[in-house]
Structures are given as structure tokens and as C-alpha cells.
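# Per-entry structural report
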Amino acid sequence: MEIRKKLFELQQEFVSKKDKRNDFGKYNFRNIEAMLSSLKPLLKERNLLILFNEEYINDKFLKETIKLIDIEDGEEISNSSICAMDSDVKGMSDSQATGCSITYIRKYCLTGLLGVDDGSNDPDSMDGSNFKNKSNKTTKSLTTQEKIANIINEINECTSVTELTALWNKIGKWSENQVIKQTFTDRKNFLKITN
């Protein structure tokens, strides 16, 4: 079976819930370890292998590339994502901060490749219409920090400039936020380089 068909099947079957909670930031998230644990049996069924590769760009950015490889014929598909490196994280050594960045970007790279959707409405939709998260807060009642974090996550999950531009047109007033603007610009530049 051609690798694109295998990836299509994988995308239909794989689900990864945001089942972890960050009480400090007040948001739900999924982690890479749980994603890989549920993904491995599905990969084995299809004779697929995934490999991660990190590359540092100008000591400021980390580029992650994930390859999905068909072990039957060597055919492969890849996806890349980028994130800013922050080595000045309070209470963390440089190695710990780097590890956090690698874990973070691997998760988003894998999420992009697999088109991960947990099947629920998510604050990432940013339109404020009838969303209820697990705490029964509507999107409109999320804090500004939570809304910004959701938009940044959505930007980092875009896999093409077209998708990114459509998202930008959707976020309205949030496009004036400096952190969101910078994230958008960084993602757009990265997608232009890698696509």
C-alpha cells in the first residue's frame, strides 16, 4: 500500500485527547509520550516507522522534522515545525530548557503530520461561539493569556502559508498582539523556507 494511503488511514484512526491539565496556565494539553504510546501499535499494524530530527537555526530557533517511513518499500513523508528556543527559563538549566523545547516541537510536528483532532470543539477555534471546555467556561470567558496561548498553538500547527493566512484572517483583533504577530511572522518565514 502506498504511504499516503497508510497515512490517510492513520489520520482517521489516531486520536489524542488533551487529557493533561496545566493548572498554572489553566489549559488542557496532550503530551508527546502519551501520543507515541497510542501511536506505536497503529504504526506496527501498517509497517511504519517514525523518526525525529532536530536542527538548530541561528541559536534562536529549533526546527523539528518528523519522517514517516514505510519499512516495506522505504517510501517516506515528512513534516517540519519550528519554535523559538528559550534558554533563559527560570529554574531550568540550559539542558532542561532545550529538552522542553524539543518535547514541545516534537508534539506539534507530530500533531501536524497526523492531523490530530480530539473530536471536540477547542478554544483554538477562536470564534467564541458556544465553546465549552472541561471547566464549562465559554471561549469568551477565557483569560486573555489563555486566548493568546490558544492562538499561538494554532499558528504553530499550520503546515502551509495558505493555511496560516486563512487563520490570520480569522483571528481579528488578536492580530494586533505583538507576541501573536511575531509568532505568525516566524511561522510564515519558516513555512516559506521549508515548503
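Structure's up top.
The structure contained in this document is the topic of the report that follows.

Parameters at a glance
Residues numbered from 1 in each chain as written. Predicted model: local features only at pLDDT ≥ 70, side-chain atom pairs only at ≥ 80, totals over all residues. Heavy atoms only, no water. Helix = DSSP H or I, 4+ residues; strand = E, 2+ residues; numbered from the N terminus. Contact = heavy atoms within 4.5 Å. Salt bridge = Lys/Arg side-chain N within 4 Å of Asp/Glu carboxyl O. Buried < 20%, exposed > 50% of the residue type's maximum accessible area, 1.4 Å probe, protein only. Expected span 1.5 Å × (residues − 1). Arc of directions from axis to C-beta. Polar contact = N/O pair within 3.5 Å; in protein donor to acceptor, adjacent residues only side chain to side chain. Pairing = 2+ DSSP bridges. Axes fitted to C-alpha atoms, helices over the stretch in contact; angles between N-to-C directions. Parallel < 35°, antiparallel > 145°, perpendicular 65-115°, else oblique. Nonpolar A, V, L, I, M, F, W, Y, C, P; charged D, E, K, R; others polar. Core = buried A, V, L, I, M, F, W, Y, C linked by side-chain atoms within 4.5 Å. Patch = residues over 30% accessible without salt bridge, like charges linked within 9 Å, V, L, I, M, F, W, Y side chains within 5 Å. Areas by Shrake-Rupley, 256 points an atom, 1.4 Å probe, with all protein chains shown as cover.

### Remarks on the side chain of Asn156
Structurally, the position occupied by Asn156 is in helix H4 (residues 144-157). Excluding residues that lie within four positions of it along the chain, Asn156 makes contacts with Ser81, Ile82, Tyr104, Thr183 and Arg187.

### Notes on the pattern of salt bridges
For side chains of opposite charge, pairing can occur when their charged atoms come near one another. A complete count under the given rule lists eight salt bridges for this structure. With a shortest N-O distance of 3.4 Å, Arg46 and Glu9 are connected by a salt bridge. Here the residue Arg46 occupies a position in the loop between helix H2 (32-45) and strand E3 (48-57), and Glu9 occupies one in helix H1 (residues 3-13), the gap between them amounting to 37 residues. In this structure Arg46 comes out as buried when scored by relative accessible area, which is 9%. Put simply, Glu9, Glu13, Glu45 and Arg46 are held in one network by salt bridges that share partners.

### So, helix H6 (residues 178-194)
Taking 1.5 Å per residue as the helical rise, H6 with its 17 residues ought to reach 24 Å, and the 24 Å between its terminal C-alpha atoms agrees with that figure. Those residues of H6 not exposed but buried are Ile180, Thr183, Phe184, Asp186, Arg187, Phe190 and Leu191. Projection of H6 onto a plane perpendicular to its axis shows the buried side chains occupying an angular sector of 170°, all on one side. Residues of H6 that are exposed and point over 90 degrees away from its buried face: Gln178, Lys192 and Ile193. Where H6 begins, the side chain of Asn177 points an oxygen toward the backbone nitrogen of Ile180, at a separation of 3.0 Å.

### Describing the environment of Arg21
For Arg21, the location among the structural elements is in strand E1 (residues 20-22). When near neighbours in sequence (up to four residues on either side) are disregarded, Arg21 contacts Lys26, Tyr27, Asn28 and Phe29.

### Quick word on unusual backbone geometry
A negative phi angle characterises most non-glycine residues, just as the trans form characterises most peptide bonds. Phi is positive for Asn47, which is not a glycine, with a value near 55°. In this fold, Asn47 is placed in the loop between H2 and E3.

### Some words on the pairing of strand E5 (residues 76-84)
On any regular strand, side chains alternate: one points to one face of the sheet, the next to the other face. Inspection of the sheet shows strand E4 (residues 61-70) paired to E5 by nine bridges, in the antiparallel sense. Each bridged residue has a counterpart across the sheet, and for Leu68 the counterpart in E5 is Ile77. Joining the antiparallel neighbours E4 and E5 is a turn of five residues, in which Gly74 adopts a positive phi near 80°.

### Quick notes on the side chain of Asn79
In this structure, Asn79 sits in strand E5. A distance of 2.9 Å separates a polar atom in the side chain of Asn79 from the backbone oxygen of Cys109. Beyond its immediate chain neighbours, meaning those up to four positions away, Asn79 contacts Glu64, Thr65, Ile66, Cys109, Gly112, Leu113 and Thr159.

### Examining the packing of H2 against helix H3 (residues 94-114)
For the pair H2 and H3, the least separation of the axes is 9 Å and the interaxial angle reads 40°. By the criterion of interaxial angle, the relationship of H2 to H3 is oblique. Here Ile32, Glu33, Met35, Leu36 and Leu39 of H2 lie close against H3, whose contacting residues are Thr103, Arg106, Lys107, Leu110, Thr111 and Leu114. Its residues placed into classes, the contact of H2 with H3 shows six nonpolar, two polar and three charged.

### A few points about the nonpolar core
Leu10, Leu39, Leu68, Leu110 and Leu114 are the most contacted members of the largest nonpolar core, which has 20 residues in total. Looking at this core, the elements that each hand over two or more residues are H1, H2, E3, E4 and H3. Ranked by residues supplied to this core, first place goes to H2 with six residues. Other than its neighbours up to four places away in sequence, Leu10 contacts Leu39, Leu42, Leu43, Arg46, Leu48, Leu68 and Leu114. One finds Ile151, Leu167, Phe184 and Phe190 within the second-largest nonpolar core, a separate group that totals 15 residues.

### Things to note about a nonpolar patch on the surface
A surface patch of nonpolar side chains, about 270 Å² in accessible area, is lined by Leu49, Leu51 and Ile71. As for its placement among the helices and strands, Leu51 is situated in strand E3. Given a relative accessible area of 43%, Leu51 falls into the partly exposed group.

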